[in-house]
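Working through the structure, step by step
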Amino acid sequence: MNNQGFITFEGGEGSGKTTLIQAIACHYEQQGRQVVATREPGGIDIAEQIREIILNRSNTAMDGRTEALLYAAARRQHWIERIKPALIRGELVLCDRFIDSSLAYQGYARGLGVDEVYNINQFATEGVLPSLTIWLDLDPEIGLARIADNQQREVNRLDLENLEFHQRIRQGYQLLAERYPDRIYRIHADQPVEQLIQIAIARIDQK
Ligand code: TYD
């Protein structure tokens, strides 16, 4: 399975992934590439239904492993229905969150174990990793303040976690960046969006 066109975007809450992905998708479409811009959890109908369960604020009793398995289940369906076929067609896939979110949030921040969570995800994605992961690194205090200012954004179950949890997520990403130095590319997210777009495109073009 050729993962060359598979690029994921990671980061804590409010790090600006969505805006960045839209701009990058536009850039490559203008160059005549076929681009699939998608997100996790979700991206296709069955996975969007699983997303509703995971992020529902009333599901306060959800166990950490249940949460990790649901993310992996949503990922499996998204992978098989959307990402894998697009990669086989040679398209560029830009995915807002993927396996590293599970490793940082469930594996590291929730304390389930990065290797344990990696294993269930390997089952879901047949061991395929993105060829490049852009990590938008931002101080969680800034990220959380940004999403608090954004009235249109729904507040989900994970947003309700405290600052310490979000700091652990950042540490989790740091650890992953050390584990996968060739794959994960860190960008400081606290800079003008135009600059972020340029840096990300320059890195993608280098591949
Ligand atoms: P979303 O509203 O899409 O957040 P964002 O705009 O920050 O991407 O909600 C997704 C939430 O799910 C977010 O808090 C991160 C979390 N998440 C995990 O904990 N594990 C995962 O594997 C994925 C894909 C997301």
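Residues numbered from 1 in each chain as written. Predicted model: local features only at pLDDT ≥ 70, side-chain atom pairs only at ≥ 80, totals over all residues. Heavy atoms only, no water.

A short note on the site of the ligand
Taken together, 16 residues sit near the ligand, with Lys-17, Tyr-71, Arg-97, Ser-102 and Gln-106 positioned nearest. The side chain of Arg-75 places a nitrogen or oxygen atom 2.9 Å from an oxygen atom of the ligand. For the ligand, a nitrogen atom lies 2.8 Å from a polar atom in the side chain of Gln-106. Notes on the ligand: free accessible area 540 Å², of which the protein chains cover 93%. When each cavity is represented as a set of grid points, the ligand is found to reside in the largest pocket. Mapped by element, the contributors of at least two residues to the shell around the ligand are helix H2 (45-55), helix H3 (64-88) and helix H4 (99-109). In terms of residue count, H4 provides more of the shell around the ligand than any other element does, four residues in total. (Near = heavy atom within 4 Å. Polar contact = N/O pair within 3.5 Å; in protein donor to acceptor, adjacent residues only side chain to side chain. Areas by Shrake-Rupley, 256 points an atom, 1.4 Å probe, with all protein chains shown as cover. 1 Å grid on protein atoms, 1.4 Å probe; cavity = no way out; pocket = protein on both sides within 12 Å on 5 of 7 lines; lining within 4 Å. Sits in = over half its atoms within 2 Å of the grid points. Helix = DSSP H or I, 4+ residues; strand = E, 2+ residues; numbered from the N terminus.)

Examining the layout of surface pockets
Its volume calculated, the largest pocket comes out at about 930 Å³. Forming the walls of the largest pocket are 36 residues, and the residues nearest its centre are Gly-14, Lys-17, Thr-18, Asp-96 and Arg-153. Of all the elements in the fold, those that place two or more residues in the lining of the largest pocket are helix H1 (17-30), strand E2 (35-39), H2, H3, H4, helix H6 (140-149) and helix H8 (193-206). Sort the elements by how many residues they give to the lining of the largest pocket and H1 lands first, with five residues. Split by residue class, the lining of the largest pocket holds 11 nonpolar, 14 polar and 11 charged. (Points joined across faces, edges and corners; volume = space filled by probe spheres on them. Nonpolar A, V, L, I, M, F, W, Y, C, P; charged D, E, K, R; others polar.)

A closer look at empty space enclosed by the protein
Any empty space left between the atoms is revealed when a probe the size of a water molecule rolls over them. Under the counting rule described, the total for this entry stands at one cavity of 30 Å³ or more. Computed from the structure, the largest cavity encloses a volume of approximately 90 Å³. Lining the largest cavity are Gly-11, Gly-12, Glu-13, Trp-135, Asp-137, Leu-138, Pro-140, Leu-144, His-166, Ile-169, Arg-170 and Tyr-173. If you list the elements that add at least two residues to the lining of the largest cavity, you get strand E4 (132-137), H6 and helix H7 (163-179). At four residues, H7 tops the list of elements feeding residues into the lining of the largest cavity. Its residues placed into classes, the lining of the largest cavity shows six nonpolar, three polar and three charged.

Focus on the sheet that holds strand E5 (residues 184-188)
In space, the five strands of this open sheet follow the order E2-E3-E1-E4-E5, with parallel pairing throughout. Looking at which strands have only one partner, the edges of the open sheet turn out to be E2 and E5. Ignoring strand direction, the axes of neighbouring strands in this sheet form an average angle of 20°. In this structure, E4 lies alongside E5, joined through five bridges in parallel fashion. Of the residues in E5, the one forming a bridge with Asp-137 is His-188. (Pairing = 2+ DSSP bridges. Axes fitted to C-alpha atoms, helices over the stretch in contact; angles between N-to-C directions.)

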